[in-house]
Amino acid sequence: MAAADPAFPRDSGAPGIVVGPLDLAARVDEALAVQAVAFGLSQDEIDVRRHIVLRHLDHPQARALGATTPAGRLVGFVYGLPNNRAHWWSTVVEPYLRATGSSQWLDDSFVITELHVHPEFQQRGLGRSLITTITDAVDLPRSILSAIDTESPARGLYRALGYQDLARQVLFPSAPKPYAVMGAPLPLRRR
């Protein structure tokens, strides 16, 4: 995990909510509870994702940020790491990106692995603050992510930040819905 930056914590733009470094390994269950509510996960899915998150955090350049209330409640989080073509996610999306002539996006990219905000705190700028803050701290020319391939507030946010569709109708094993892979040059676009 990256060391704490003296510029943290940052005001999120949402009254009373602060965005700052998150020890995701220590707070993984709280983060997954946010994700479960935001994304509609079952307990079995949470259990599987817990192992995935902890494995990702072994990467020396993995970064995580949280959005917390004054009482310390975690209401949003983001984490990511530099992409590696050998990682599972890359091996799944690579054929789709190759088909659209976009496979170069897998190189020199920071992957937003997860970004979730509790529904009670959505539409307050927390997602925007989390993703721009984490990507501002990386020294790579671009960012990639995957999102459910439907028009949603999340996809609208990503587009507003400069992400474009690189591949659509991407099928992940055991995922019930297709995804879109999106990419944006860094730094992300501001309003």
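Preceding this section is the structure that the text describes.
Fair warning: this is a prediction, and the values are worked out from it, not measured in the lab.

What counts and what doesn't
Residues numbered from 1 in each chain as written. Predicted model: local features only at pLDDT ≥ 70, side-chain atom pairs only at ≥ 80, totals over all residues. Heavy atoms only, no water. Helix = DSSP H or I, 4+ residues; strand = E, 2+ residues; numbered from the N terminus. Rg over C-alpha atoms; globule rule 2.2 N^0.38 Å. Buried < 20%, exposed > 50% of the residue type's maximum accessible area, 1.4 Å probe, protein only. Contact = heavy atoms within 4.5 Å. Areas by Shrake-Rupley, 256 points an atom, 1.4 Å probe, with all protein chains shown as cover. Lys, Arg positive; Asp, Glu negative; His and termini not counted. Charge placed at Lys NZ, Arg CZ, Asp CG, Glu CD. Core = buried A, V, L, I, M, F, W, Y, C linked by side-chain atoms within 4.5 Å. Phe/Tyr/Trp six-rings, centres within 6.5 Å; stacked < 30°, edge-to-face > 60°. Lys NZ or Arg CZ within 6 Å of the ring centre and 35° of its normal.

Student: Tell me what's going on with the overall build of the protein chain, and back it up with residues and numbers.
Tutor: Summing up its helical and strand segments, the protein chain has 5 helices and 8 strands in all. Counting helices and strands in the order they occur from the N terminus, the protein chain gives β-β-α-α-β-β-α-β-α-β-α-β-β. The C-alpha atoms of the protein chain give a radius of gyration of 16 Å, which matches the 16 Å a tight globule of 191 residues would have. Dimensions of the protein chain, computed from C-alpha atoms along their principal axes, come out at roughly 50 × 35 × 35 Å. Residue burial in the protein chain is summarised as follows: out of 191 residues, 47% are buried. Taking the contacts inside the protein chain whose residues are at least 6 apart along the sequence as the reference set, 66% of them involve residues at least 24 apart. Accessible area for the protein chain stands at about 9500 Å²; split by element, carbon and sulfur atoms hold 53% of it. Measuring between centres, the 19 positive side-chain charges of the protein chain sit 6 Å from its 19 negative side-chain charges.

Student: Any details on the nonpolar core? Residues and values, ideally.
Tutor: Core analysis: the biggest nonpolar cluster contains 27 residues, and Ile 112, Leu 126, Leu 130, Ile 131, Leu 145, Tyr 158 and Tyr 163 have the highest contact counts within it. Put simply, the parts of the chain that give this core at least two residues each are strand E3 (63-68), strand E4 (74-82), strand E5 (109-117), helix H4 (126-136), strand E6 (142-148), helix H5 (153-160) and strand E8 (179-185). Formed by 16 residues, the second largest nonpolar core is a distinct cluster that contains Ala 36, Ile 46, Ala 64 and Phe 77.

Student: So what's going on with the packing of aromatic side chains? Residues and values would help.
Tutor: Under the counting rule described, the total for this entry stands at 3 aromatic pairs. Taken together, a centroid distance of 5.7 Å and an interplanar angle of 35° make the contact between Trp 88 and Phe 172 tilted. Here Trp 88 is found in helix H3 (residues 88-99), whereas its partner Phe 172 is found in the loop between strand E7 (164-170) and E8, with 84 residues between them in sequence. Taking the centre distance of 5.8 Å and the plane angle of 65° together, the rings of Tyr 158 and Tyr 163 count as edge-to-face. The same class applies to Tyr 158 as to Tyr 163, namely buried. Through a chain of ring-to-ring contacts, the aromatic side chains of Trp 88, Phe 172 and Tyr 179 assemble into a single cluster. The ring centre of Trp 105 lies 5.3 Å from the NZ or CZ of Arg 142, which sits over that ring.

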